[in-house]
Every structure is written in structure tokens, then in C-alpha cells.
Amino acid sequence: EMATAGGWIPIWYEFLLTKFPEHAEKSKEVLGTNKPTTVQIFENIENDELCKKIFDEVCDIVGSEISNLTFRTLCTGGVYLTGGVIQANHEKFFASEKLKEAVAVKYAFIPSLAEVPIYYIDVQDLPFRGAFEFLCRLI
């Protein structure tokens, strides 16, 4: 979960710059910087090879976690995703072949799990709701 959090995405990018230095110039040209934000990275997955690599890895991790959760808990009612990275890029995520492949790996063991729906929660104030719930429990 931490590896796919928005704050870690630029750190991945910096790591990939050291691993694939041949992409550094083109990336800097496309993004305008060698220290892009998460938003810049996900906005340029079609234009930049390093951004695409990061997006594919995030899709792979999220897809694996979805299938793991479904397999472990048999949550036939659905899996609900939330968070800023998913929320801002949900159309790209759900269209990604990498995500579909990663989800399908565990579903080969129990084919009925392939019917489990995957949703994303599109709520802008979710962190505030969580903080409110936490405070209510303290009282």
C-alpha cells in the first residue's frame, strides 16, 4: 500500500532515473523537470517511458492486492478502492491491461472470483470523514 501512495511515486521516478539514465533527457524535456510531482507523472504516461513504467508497476501492485484481498476474504460483494492516486486516475487504472492481468492471476484458482466487482470511491472529503470518525470514537 505504501509503495502506491502518492508521496512515493516521485521517489520511484528518481530511482528509475538512476536505473535508466538514457531516459533522463527525454523525461526532463517532456516533464520540464527531473523532480516531477505525482500528478505530472500520471499525466504523462503516454508521453514518457519512465512515467509509463511507474504507472505499470503501480497497476501491478494494486491489481495484486485486489486479487489477494478477494482470494483471502472471498469478498463477493466487491472490492472498494480509495485514495488520491486511484481517485485522480481511475479511468486510466480501470483501462490498464497491467491491472487486469495482475487481478486475474489469483482468479485462476477460484474462477467465480472473476465476477467480483471492483469499485472506486469518489468522495472528495474522505480523509475528513475518517478524522471525524476517529474523533467520535475518542469521545
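What comes next is a walk through the structure. (Residues numbered from 1 in each chain as written. Predicted model: local features only at pLDDT ≥ 70, side-chain atom pairs only at ≥ 80, totals over all residues. Heavy atoms only, no water.)

Moving on, we come to a nonpolar patch on the surface. A contiguous nonpolar patch, built from F134, L135, L138 and I139 and spanning about 520 Å² of accessible area, is present on the exposed surface. Relative to the helices and strands, L138 resides in helix α8 (residues 126–138). (Patch = residues over 30% accessible without salt bridge, like charges linked within 9 Å, V, L, I, M, F, W, Y side chains within 5 Å. Areas by Shrake-Rupley, 256 points an atom, 1.4 Å probe, with all protein chains shown as cover. Salt bridge = Lys/Arg side-chain N within 4 Å of Asp/Glu carboxyl O. Helix = DSSP H or I, 4+ residues; strand = E, 2+ residues; numbered from the N terminus.)

As a further point, take the side chain of T38. With respect to the helices and strands, the residue T38 is situated in helix α3 (residues 38–43). Excluding its chain neighbours within four sequence positions, the residues that come into contact with T38 are G6, I9, P10 and V85. (Contact = heavy atoms within 4.5 Å.)

This part covers the packing of helix α1 (residues 9–19) against helix α4 (residues 49–73). Two elements in contact, α1 and α4, have axes whose closest approach is 10 Å; the angle formed by their N-to-C orientations is 125 degrees. With respect to α4, the element α1 is oriented oblique. Regarding α1 and α4, the two cross each other, and that crossing is right-handed. On the side of α1, the interface is formed by I9, W12, Y13, L16 and L17, while α4 contributes L50, C51, K53, I54, E57, V58 and I61. In terms of residue class, the contact of α1 with α4 is built from 10 nonpolar, no polar and two charged. (Axes fitted to C-alpha atoms, helices over the stretch in contact; angles between N-to-C directions. Parallel < 35°, antiparallel > 145°, perpendicular 65-115°, else oblique. Left-handed = near helix turned anticlockwise from the far one by under 90°. Nonpolar A, V, L, I, M, F, W, Y, C, P; charged D, E, K, R; others polar.)

For soluble globular proteins, the rule of thumb is that nonpolar side chains tend to be buried together. In this structure, Y13, F42, I54, V58, V62, I66 and F93 are the most contacted members of the largest nonpolar core, which totals 29 residues. Put simply, the parts of the chain that give this core at least two residues each are α1, α2 (24–31), α3, α4, β1 (79–81), α5 (84–88) and α7 (97–107). In terms of residues, this core owes the most to one element, α4, which gives eight residues. Among residues more than four places away in sequence, those in contact with I66 are V79, L81, L99, V103, Y107 and I118. (Core = buried A, V, L, I, M, F, W, Y, C linked by side-chain atoms within 4.5 Å. Buried < 20%, exposed > 50% of the residue type's maximum accessible area, 1.4 Å probe, protein only.)

As a further point, take the environment of V30. The residue V30 is located in helix α2 in this model. Non-local contacts of V30, meaning those with residues more than four positions away in its chain, are made with N44, N47 and D48.

The next point concerns α8. Across its 13 residues, α8 extends 19 Å between first and last C-alpha, which sits within 8% of the 18 Å expected from 1.5 Å per residue. Counted residue by residue, α8 has zero buried out of 13 residues, so it is predominantly exposed. (Expected span 1.5 Å × (residues − 1).)

The end-to-end C-alpha distance of α4, which contains 25 residues, comes to 36 Å, matching closely the 36 Å that a straight helix rising 1.5 Å per residue would cover. At the N-terminal boundary of α4, the capping side chain belongs to D48, with an oxygen 3.2 Å from the backbone nitrogen of L50. Looking one or two residues past α4, L74 carries a phi angle of roughly 50 degrees, positive in sign. (Polar contact = N/O pair within 3.5 Å; in protein donor to acceptor, adjacent residues only side chain to side chain.)

The next thing to look at is the pattern of salt bridges. Summed over the entire model, instances satisfying the criterion amount to five salt bridges. In this structure, the salt-bridge partner of E133 is R137, at a minimum N-O distance of 2.9 Å. Of this pair, E133 and R137 both sit in helix α8, four residues apart, which is roughly one turn of the helix.

So, about unusual backbone geometry. The phi angle at L74 is positive, at roughly 50 degrees, despite the residue not being glycine. Among the structural elements, L74 can be located in the loop between α4 and β1. Judged by its relative accessible area of 48%, L74 falls in the partly exposed class.

The next point concerns the packing of aromatic side chains. The full count for this structure, using the stated rule, is five aromatic pairs. Pairing F42 with F93 gives two aromatic rings, centres 6.3 Å apart and planes at 50 degrees, and the pair type is tilted. A residue pair is termed long-range when its members are at least 10 positions apart, and F42 in helix α3 and F93 in helix α6 (residues 90–95) qualify at 51 residues. Grouping residues by exposure puts F42 and F93 together as buried. (Phe/Tyr/Trp six-rings, centres within 6.5 Å; stacked < 30°, edge-to-face > 60°.)

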